[in-house]
Amino acid sequence: MRQRGCAEREHVDARLRAAPQLHELPLGVAHVHGPSFDSVAHRYADVDGARSQLARKIVEGGVGVWGPVPMPANTQISSDQAVALADWILSLR
Ligand code: HEM
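Residues numbered from 1 in each chain as written. Predicted model: local features only at pLDDT ≥ 70, side-chain atom pairs only at ≥ 80, totals over all residues.

A. A look at the overall build of the chain. Each helix and strand in the chain was counted, giving 4 helices and 0 strands. Shown N-terminal to C-terminal, the secondary structure of the chain runs as helices and strands in the order α-α-α-α. Relative to all contacts within the chain whose residues are 6 or more apart in sequence, the contacts with residues 24 or more apart total 51%. (Helix = DSSP H or I, 4+ residues; strand = E, 2+ residues; numbered from the N terminus. Contact = placed C-beta atoms within 7 Å.)

B. Spatial organisation of the packing of helix 3 (residues 50–60) against helix 4 (residues 79–90). Contact geometry of helix 3 with helix 4 gives a least axis separation of 8 Å together with a crossing angle of 120°. With respect to helix 4, the element helix 3 is oriented oblique. In the crossing of helix 3 with helix 4, the sense of the turn from one axis to the other is right-handed. Between helix 3, through Ala50, Arg51, Leu54, Ala55, Ile58 and Val59, and helix 4, the contact on the second element is made entirely by Ser79, Ala82, Val83, Leu85, Ala86, Asp87, Ile89 and Leu90. Partitioned by chemical class, the residues of the contact of helix 3 with helix 4 number 11 nonpolar, 1 polar and 2 charged. (Axes fitted to C-alpha atoms, helices over the stretch in contact; angles between N-to-C directions. Parallel < 35°, antiparallel > 145°, perpendicular 65-115°, else oblique. Left-handed = near helix turned anticlockwise from the far one by under 90°. Nonpolar A, V, L, I, M, F, W, Y, C, P; charged D, E, K, R; others polar.)

C. A look at the environment of Ser39. Checked against the element boundaries, Ser39 lands in helix 2 (residues 37–43). When the C-alpha atoms of Ser39 and Leu92 are compared, they prove to be 8.6 Å apart, with 53 residues separating the residues in sequence.

D. Representation of the environment of Ile77 in the model. Following the sequence through the fold, Ile77 ends up in the loop between helix 3 and helix 4. Judged by local crowding, Ile77 falls into the buried class, with 20 C-beta atoms found within 10 Å. Separated by 17 residues in sequence, Ile77 and Glu60 place their C-alpha atoms 9.7 Å apart. Non-local contacts of Ile77, meaning those with residues more than four positions away in its chain, are made with Ile58, Val59 and Ala82. (Buried ≥ 20, exposed ≤ 12 C-beta atoms within 10 Å, placed from the backbone.)

E. Up close: helix 4. Look at helix 4: 16 Å from first C-alpha to last across 12 residues, which is about the 16 Å you get at 1.5 Å a residue. Those residues of helix 4 lying buried are Ala82, Ala84, Leu85, Ala86, Trp88 and Ile89. (Expected span 1.5 Å × (residues − 1).)

F. Spotlight on the nonpolar core. In terms of nonpolar packing, the biggest core is built from 12 residues, these being Phe37, Val40, Leu54, Ala55, Ile58, Ile77, Ala82, Ala84, Leu85, Ala86, Trp88 and Ile89. Elements represented by at least two residues in this core include exactly helix 2, helix 3 and helix 4. By residue number, the principal contributor to this core is helix 4, which donates 6 residues. (Core = buried A, V, L, I, M, F, W, Y, C linked by C-beta atoms within 7 Å.)

What follows is the structure in structure tokens.
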């Protein structure tokens, strides 16, 4: 997972390990350079299309929503994995 570049150090969220459907994902996700996933979940709680919007962002990366620091593209993540990650992140509120 660390090789995948999605997580660094601590902040590994026990909820990810507790989510059986996500076990095959190469993640144990920390997001030390970006917004906490709880914050993301709150921000998009009432946003239509948040699932696909975030899934695309997870794969393509981007900048400017939370601040000036860019999120790099995560091209090693499949679109199915990205959708599963978006679902998981959105569930964290
Ligand atoms: C699989 C790994 C990752 C996932 C699932 C993920 C997920 C997310 C999500 C859902 C957002 C919110 C996007 C939005 O509001 O439009 C975000 C933003 C961000 N992420 Fe990640 N991320 C990952 C990897 C990384 C990495 C490796 C870095 C930096 C080394 C990073 C840095 C950031 C930053 C700086 C933002 C804010 C971007 C902005 O303001 O638009 N992320 N990430």
